[in-house]
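Residues per chain, in single letters:
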Amino acid sequence: MTFLAAIGAFVLGALAAVGRVSIFAFDTVSHLARPPWYPREFGVQILQIGWNSLPVVGLTTIFTGGALALQIYAGGARFSAEAVVPQIVAIGMVRELGPVLVGLMIAARVTSSVAAEIATMKVTEQIDALVTLSTHPMKYLTLPRVLAATVVMPVLVAVGDIIGIMGGFVVGVQRLGFNASTYLTNTIDFLEWIDIVSSLSKGAVFGFIAALMGCYFGMRSERGAAGVGSATKGAVVAASVLILAANFILTEMFFAG
Amino acid sequence: MIELKGVHKAFGSKEVLRGVDLVIPKGESMVIIGGSGTGKSVCLKSVLGLVTPDKGEITVEGQDVTRLRQGSRERDAFLARFGMLFQGGALFDSLHVWENVAFRLLRGSLKRPKQEAREIAIEKLRRVGLTPDVADQFPAELSGGMQKRVGLARAIAAEPEIIFFDEPTTGLDPIMSGVINDLIREIVVEMGATAMTITHDMTSVRAIADKVAMLHAGKIRWTGPVAEMDTSGDPYLTQFITGSAEGPIEAVR
């Protein structure tokens, strides 16, 4: 019986968490329609989340694109299909690796810092102070972060896609002996609009998830240094898992059937 | 006038407030004393609506404050009459000192031009004994006592009718405590504001209070003018004032 009770408690706990996160998400989005808004905060977050993430996005994707080219060449050689490197690098980066890797890097970089910042504000009563100064924390803290991440992530993913393809291109031309213009022509001819649209849509969804989890866990932080630590950890884990799950669902929606 | 009637609040199974009744007349300075963990902060936060009581009524000038919805215009108007000094200062560390002080003046219903807000901020900083060069520093660059002063400047920036002070002297040396106590007294008197302070620092009580209320076991144990505090005859209050380990309040909590 205790075993069943444990399963029941786990399921109820999980459902309650899903409910809380959903309410938090709806609440956040609903503030889009209700002034006041804080455009300055939004601008700051665009810089923090977007601009400052460019180096890490570039480094992650260029190495991945390069490795991908090597792998496809080696794997393709087993059935004399070395020539597909440009096409597979393009499709692999744009459809999957670009959005997923950038999403996970944003979960590591942005979710963690948002969660730690908001949790610290909660713990040091800064959130209470905001309320007493007639400023709604969801409007002032959550909405600018979530909106900025949602808007800026498609751009980051686009940059990541391009740099990833360039990584494959450099390896393809320098190491594997492809002709540069043929490589580029093959890449561009092969990609379809749906690949790009799916890539950028995934970016927007992942950005939303990453910032939302940071805010959600930050706002619910327990007191003390341990509280901030566990809020940050929870946020990054939840964001990463949800991004991978959402990636599967979105891939299913765009490309299955 | 602030009035609390039968206010109850529990966190999980822990009952913090068990029927608090308290009246703070307009323009008076009420200090609530009591040991750590007796619910002083919860009491204060429930008036501001940061904590929602489970039961009971809280009115400010006859208006029931527990029913104001967060983000509503009525609640904003209600909060605009308040200033609060938080225990740790609760300054926004991403903003400059002057932007902290002028926070309310830079956005929302009390918004005014940036230059004017900055001038008011500098004037308030001067009022709490800080020089204008502090204005462009960040809170993290200031000492604890200076952060408290900035918090105080922020609390009074929008000329509130009601000011709350949460443990204003905690973590300060005795001289700085004295300075802060005097500042609070002066500001409350010159603004004619209603003040509610929570503390366990008896020097603070004597410097700030018109009236004192002692919170114990979730209820107001004793309340009266500060002058009668020493001759109350209440064993709980006497033990608290004298700081004795012997008495009806258990020393180990």
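Predicted model only: the values in this text are computed from it and were never measured.

Colleague: What's the story with the overall build of chain A in this structure? I'm lost.
Modeller: Helix and strand counts for chain A stand at nine helices and zero strands. Helices and strands appear in chain A in the N-to-C order α-α-α-α-α-α-α-α-α. When the 257 residues of chain A are sorted by exposure, 46% land in the buried category. Residue pairs at least 24 apart in sequence account for 85% of intrachain contacts in chain A once pairs closer than 6 positions are excluded. With an accessible surface of roughly 12,300 Å², chain A has 73% of that area assigned to carbon and sulfur atoms. Taking the average location of the 14 positive side-chain charges in chain A and that of its 13 negative ones, the two points are 8 Å from each other.

Colleague: Please clarify how the layout of surface pockets should be interpreted in this entry.
Modeller: Where empty space is left in the structure can be found by rolling a water-sized probe over the atoms. What the largest pocket holds in volume is close to 1,800 Å³. Among the elements of the structure, helix H1 (2-30), helix H4 (85-123), helix H5 (126-132), helix H6 (137-174) and helix H8 (193-219) of chain A together with strand E1 (2-11), strand E2 (14-24) and helix H1 (40-48) of chain B are those that each provide at least two residues to the lining of the largest pocket. Across the lining of the largest pocket, the residue classes tally to 16 nonpolar, 15 polar and 14 charged.

Colleague: Can you help me understand the nonpolar core in this one?
Modeller: Within soluble globular proteins, side chains that are nonpolar tend to cluster in buried spots. Counting 78 residues, the largest nonpolar core has Leu4, Val20, Leu22, Val47 and Phe164 of chain B as the members making the most contacts within it. Counting residues per element, this core draws most heavily on H6 of chain A, at 10 residues. The residues touching leucine 4 of chain B, leaving out its near neighbours within four places in the chain, are Val20, Asp21, Leu22, Cys43, Val47, Glu57 and Ile58 of chain B. By size, the runner-up hydrophobic cluster in this structure holds 50 residues, among which are Ile163, Leu183, Val212 and Phe240 of chain B.

Colleague: How do you make sense of the sheet that holds E1 of chain B when you look at a structure like this?
Modeller: To summarise the sheet geometry, strands pair through backbone hydrogen bonds and adopt either a parallel or an antiparallel arrangement. Residues and elements named next belong to chain B. Read across the sheet, four strands follow the order E2-E1-E4-E5 without closing on themselves; strand pairing throughout is antiparallel. The open sheet has two edge strands, E2 and strand E5 (63-64), and neither has a second partner. Both strand E4 (residues 55-60) and E5 contribute to a ladder of two bridges, which runs antiparallel. Across the sheet, valine 60 pairs through a bridge with glutamine 63, a residue of E5.

Colleague: Mind showing me how you'd approach the sheet that holds strand E3 (residues 29-33) of chain B here?
Modeller: Residue and element names in this part refer to chain B. Read across the open sheet, the six strands follow the order E6-E7-E8-E3-E9-E10; overall the sheet is mixed. On the outer flanks of this sheet lie strand E6 (82-85) and strand E10 (219-225), each paired with one strand and no other. Strand-to-strand twist across the sheet, computed as the mean angle between neighbouring axes with direction ignored, equals 15°. Relative to strand E7 (residues 162-166), E6 runs parallel, the two sharing four bridges. Looking at the pairing, phenylalanine 82 lines up with isoleucine 162 of E7.

Colleague: I tried to follow the pairing of E3 of chain B on my own but got confused; where do I start?
Modeller: Two faces, one strand: in a regular strand the side chains alternate between the faces of the sheet. Residues and elements named next belong to chain B. Most of E3 sits inside the fold, with five of its five residues counted as buried. Residues Ser29, Val31 and Ile33 line one face of E3 and the alternating positions Met30 and Ile32 line the opposite face, and both faces are buried. The pairing of E3 with strand E8 (residues 194-198) spans four bridges and is classified as parallel. Across the sheet, residue isoleucine 32 finds its bridge partner in E8, namely isoleucine 198.

Colleague: Explain empty space enclosed by the protein here, please?
Modeller: Within the structure shown, the criterion is met by two cavities of 30 Å³ or more. In this structure, the largest cavity encloses a volume near 80 Å³. Those elements giving two or more residues to the lining of the largest cavity turn out to be H5 of chain A together with E6 and helix H6 (144-156) of chain B. For the lining of the largest cavity, the element with the most residues is E6 of chain B, which contributes three residues. When grouped by side-chain class, the residues that make up the lining of the largest cavity number seven nonpolar, two polar and two charged. Taken as a whole, the second largest cavity spans an internal volume of roughly 40 Å³. Looking at the second largest cavity, the residues that line it are Leu133 of chain A together with Phe82, Gly83, Val101, Arg104, Arg154, Ala155, Ala157 and Ala158 of chain B. Those elements giving two or more residues to the lining of the second largest cavity turn out to be E6 and H6 of chain B. Of the residues assigned to the lining of the second largest cavity, the class counts are six nonpolar, one polar and two charged.

Colleague: Quick question: what am I supposed to make of the confidence of the model for chain A here?
Modeller: Should the pLDDT be low somewhere, the predicted coordinates at that spot are not to be read in detail. Summarising the model, chain A shows a mean pLDDT of 94, and 100% of its residues fall at 70 or more. When mean pLDDT is taken per element in chain A, H8 of chain A scores highest with 97 and H5 of chain A scores lowest with 93.

Colleague: Would you take a moment to explain the interface of chain A and chain B for this structure?
Modeller: Accessible area lost upon the coming together of the parts is a frequently used measure of interface size. Counting residues at the interface gives 17 residues for chain A, matched by 23 residues for chain B. For the chain A face of the interface with chain B, the top three residues by lost area are Glu125, Thr132 and Leu133 of chain A, together amounting to 33%. Our count for the contact surface shared by chain A and chain B stands at two salt bridges. The salt bridge partner of lysine 45 of chain B is aspartate 128 of chain A, with a shortest N-O separation of 3.2 Å.

The rules behind each value
Residues numbered from 1 in each chain as written. Chains lettered and ligands numbered in written order. Predicted model: local features only at pLDDT ≥ 70, side-chain atom pairs only at ≥ 80, totals over all residues. Heavy atoms only, no water. Helix = DSSP H or I, 4+ residues; strand = E, 2+ residues; numbered from the N terminus. Buried < 20%, exposed > 50% of the residue type's maximum accessible area, 1.4 Å probe, protein only. Contact = heavy atoms within 4.5 Å. Areas by Shrake-Rupley, 256 points an atom, 1.4 Å probe, with all protein chains shown as cover. Lys, Arg positive; Asp, Glu negative; His and termini not counted. Charge placed at Lys NZ, Arg CZ, Asp CG, Glu CD. 1 Å grid on protein atoms, 1.4 Å probe; cavity = no way out; pocket = protein on both sides within 12 Å on 5 of 7 lines; lining within 4 Å. Points joined across faces, edges and corners; volume = space filled by probe spheres on them. Nonpolar A, V, L, I, M, F, W, Y, C, P; charged D, E, K, R; others polar. Core = buried A, V, L, I, M, F, W, Y, C linked by side-chain atoms within 4.5 Å. Pairing = 2+ DSSP bridges. Axes fitted to C-alpha atoms, helices over the stretch in contact; angles between N-to-C directions. pLDDT = per-residue confidence, 0-100. Buried area = accessible area lost by both parts, 1.4 Å probe. Salt bridge = Lys/Arg side-chain N within 4 Å of Asp/Glu carboxyl O.

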